[in-house]
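As a plain string of letters, each chain reads:
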Amino acid sequence: MRLAVVYSRASLGIQAPLVTVETHLSAGLPGFTIVGLPETAVKESKDRVRSAILNSQFDFPSRRITINLAPADLPKEGGRFDLPIALGILAASQQIPCNALHTYEFVGELALSGKLHAIHGTLPVALASRKANRTLVLPLQNAEEAALPGDNHILAATHLLDVSAHLIQKIPLNSYVRQNPSVTESTAAQLDLAEVKGQMHAKRALEITAAGGHGLLMMGPPGTGKTMLASRLPSILPPLSLDEALEVIAIHSVSRNHQPRLPFGQRPFRAPHHTASASALVGGGSYPRPGEVSLAHNGVLFLDELPEFDRRVLEVLREPLESGTILISRATRQTEFPARFQLVAAMNPCPCGYLGDLKRRCQCTLDQIKRYRSRLSGPLLDRIDMQVEVPALPIETLSFSHTLPEENSDVVLKRVISAVERQHARALKQNARLTNREIQQYCVLEPKTHQFVTQAIEKLGLSARSYHRILKLARTIADLEGSDTVNHEHIIEALSFRKIEQLSGPK
Ligand SMILES: Nc1ncnc2c1ncn2[C@@H]1O[C@H](COP(=O)(O)OP(=O)(O)OP(=O)(O)O)[C@@H](O)[C@H]1O
Ligand SMILES: [Mg+2]
Ligand SMILES: [Zn+2]
């Protein structure tokens, strides 16, 4: 009777908890059982493992084979356990040596031929195995992502035979080294802010948003450049730190969307369509997958045509906006995903779009406008730091603009980066994330200015929460100017971005 123990890792949120794969061979009628509450996918892996072993010219032991995946209550989906199960069988039947197995962790799905196929959620596995000080063996297709943290001990293989040859010490696998070890991978040419003519107020708002990590709502008639502006925000966002970049990749790694992988070090920019469901936005599924709010973690969630989103869908944003995380509850378990994103949104002022426009008349009735606006709840709007109007431009601005060169994104990005550096030196984070205590500490106002803000808040009918948001905004404005103190002008500019009273609709 033989017992073999092989280590592997499950996928739980963006964690990768350890799974011990125990293989026991005993006398009795030949059979193959996997215990530990495995899902259908794990049961299917029995067939793959058997074929892979046979097709790799090993013996499939005609004994009673019992595999236990422990702990039993972890989600164990997917073929990721094929490789450790196969190795467990080979070790228990003494076809490969057992003694060094405990220094490794294995993940990988097997094809019937014994070839290794990629799995999801590699980066969390790599981070966890590094912490546990074991060597990670995985499919070659997953190696690039697993090696992102840099100093990992990663062995990449393409076939079950490669792994066994390594364990038999016949042909060692080489340590995988990333091809491109820099933090920021070269990114595709981005859209440039200079392509947007005029709209200085909105551009200023965009710069402040980028610098402080604030939320932004742009409102204006059709065709004034709102979508254009928002899609150029990534070109002025500050670079991610290494840890932030790893968090981003870890989330994208466990999600199942097969879009091209986000370049490492790039802030995500997610723009779900307004028909998106609540679960697409916050995440879900029987094995919870991250939704748009998590895929936008450390980056931007852009909701274009904000009032077109289902109101219930918008309400679910309140939790992550407040806490920076999202909890997905299922009957069997709860999974938490990070969801600290900047919310950027765009909308027309009314259903026809032309309310307040100087040239075209709005065709909407008061009732229609009220209904349109009421789709956005006050508490949601209250959580967006800045509102800015994006008015229709005089036609000259668009046509003769070549006489007035617009600023390039690179120039703006330089200012943003130096403002972010000031914030990090002060509080190790961007201003939008300052706590109330930190606001008190870092946004000290002169008595005169303080009195001015409180009066303004009262006059504009803003909430108490607004007070803190205005101070944070003013802090960012001061940082962009390189000023240590927040002064009267900074506060006045910050107030100009709180137009929430207009959004509650015509009285
Ligand atoms: N400020 C601008 N500078 C240069 N081009 C502009 C500007 N505003 C609008 N345009 C042109 O108009 C097109 C529409 O702009 P955009 O889609 O950004 O408008 P929008 O404000 O999002 O409108 P809607 O409310 O209908 O969504 C752009 O593709 C661009 O060609
Ligand atoms: Mg648009
Ligand atoms: Zn209208």
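Residues numbered from 1 in each chain as written. Chains lettered and ligands numbered in written order. Predicted model: local features only at pLDDT ≥ 70, side-chain atom pairs only at ≥ 80, totals over all residues. Heavy atoms only, no water.

Novice: Honestly, the pattern of salt bridges in this entry has me stumped. Any pointers?
Specialist: When the charged atoms of two side chains with opposite charge come close together, those side chains can pair. Within this structure, the stated rule accounts for 20 salt bridges. Its salt-bridge partner being E322, residue R383 comes within 2.7 Å of it at the nearest N-O pair. Of this pair, R383 sits in the loop between α14 (378-382) and β18 (386-389) while E322 sits in helix α12 (residues 318-323), and the two are 61 residues apart along the sequence. In this structure R383 comes out as buried when scored by relative accessible area, which is 12%. E322 sits in the partly exposed class, given a relative accessible area of 49%. The salt bridge involving R469 is made with D385; its shortest N-O contact spans 2.5 Å. With a gap of 84 residues between them, R469 in helix α19 (residues 464-481) and D385 in the loop between α14 and β18 connect regions that are remote in the sequence. Summarising the burial analysis for this pair, R469 and D385 share the class buried. (Salt bridge = Lys/Arg side-chain N within 4 Å of Asp/Glu carboxyl O. Helix = DSSP H or I, 4+ residues; strand = E, 2+ residues; numbered from the N terminus. Buried < 20%, exposed > 50% of the residue type's maximum accessible area, 1.4 Å probe, protein only.)

Novice: How should unusual backbone geometry be read in this particular structure?
Specialist: A negative phi holds for most residues other than glycine; trans holds for most peptide bonds. Between A70 and P71 the backbone carries a cis peptide bond, its omega angle lying at 0°. Its location among the elements puts P71 in the loop between β4 (64-70) and α2 (82-92). One non-glycine residue, Q199, lies in the positive phi region at around 50°. Residue placement: Q199 occurs in the loop between α5 (160-167) and α6 (200-212). Look at Q199 and you get buried, because its relative accessible area is 6%.

Novice: Can you help me understand the site of ligand 1 in this one?
Specialist: For ligand 1, the set of nearby residues contains 16 residues, the closest of which are K197, G223, K226, T227 and M228. In the model, a nitrogen atom of ligand 1 is placed 2.8 Å from a nitrogen or oxygen of the K197 main chain. One nitrogen or oxygen atom from the side chain of K226 is found 2.7 Å from an oxygen atom belonging to ligand 1. In the complex, 68% of the free accessible area of ligand 1, which totals 630 Å², lies under the protein chains. Here the shell around ligand 1 takes three residues from helix α7 (residues 226-231), the largest share from any one element. In the shell around ligand 1, the residues fall into six nonpolar, six polar and four charged. (Near = heavy atom within 4 Å. Polar contact = N/O pair within 3.5 Å; in protein donor to acceptor, adjacent residues only side chain to side chain. Areas by Shrake-Rupley, 256 points an atom, 1.4 Å probe, with all protein chains shown as cover. Nonpolar A, V, L, I, M, F, W, Y, C, P; charged D, E, K, R; others polar.)

Novice: Looking at this structure, how should I read the coordination of the zinc ion (ligand 3)?
Specialist: Six octahedrally arranged donors around a metal ideally form angles of 90 or 180 degrees; four tetrahedrally arranged donors ideally form angles of 109.5 degrees. Protein-derived ligands of the zinc ion (ligand 3) are C350 (SG), C352 (SG), C362 (SG) and C364 (SG), with the metal-ligand distances lying across 2.1 to 2.4 Å. Viewed at the metal, the four donor atoms of the zinc ion (ligand 3) are separated by angles of 103 to 113°, and the geometry they form is tetrahedral. Written as a sequence motif, the donor arrangement for the zinc ion (ligand 3) is C-x1-C-x9-C-x1-C. Here C364 lies in the loop between β17 (342-347) and α13 (366-374) and C352 lies in the loop between β17 and α13, a separation of 12 residues in the sequence. (Donors = N, O, S within 2.8 Å, 3.2 Å for Na, K, Ca; no water. Tetrahedral: all angles 85-135°; square planar, octahedral: opposite > 155°, others 65-115°.)

Novice: Would you take a moment to explain the domain arrangement of the chain for this structure?
Specialist: Many structure descriptions define interface size as the accessible area lost when the parts assemble. Segmentation of the chain into domains returns domain 1 (2-167) and domain 2 (193-417). The straight-line distance from the C-alpha centre of domain 1 to that of domain 2 is 41 Å. At the interface, 20 residues of domain 1 touch 18 residues of domain 2. Considering only the side of domain 1, the residues that lose the most area to domain 2 are I14, H120 and L148, jointly responsible for 37% of the buried surface there. Between the two partners, domain 1 and domain 2, sit zero salt bridges. Here domain 1 and domain 2 share three residue pairs in polar contact (both at pLDDT 80 or more) between them. Of all the elements in the fold, those that place two or more residues in the side of domain 1 that touches domain 2 are α3 (122-131) and α4 (140-146). When residues in the side of domain 1 that touches domain 2 are grouped by element, the largest group, four residues, is from α3. (Domains from an automatic or database assignment. Contact = heavy atoms within 4.5 Å. Buried area = accessible area lost by both parts, 1.4 Å probe.)

Novice: What am I meant to see in the nonpolar core here?
Specialist: Proteins that are soluble and globular tend to have nonpolar side chains buried together. Core analysis: the largest hydrophobic core is formed by 49 residues, its most contacted members being L216, M218, L229, L233, V344, I470 and I491. Counting residues per element, this core draws most heavily on α19, which supplies eight residues. Ignoring anything within four residues of it in the chain, the contact list for M218 reads K226, L229, A230, V344, A345, A346, M347, V388 and V390. (Core = buried A, V, L, I, M, F, W, Y, C linked by side-chain atoms within 4.5 Å.)

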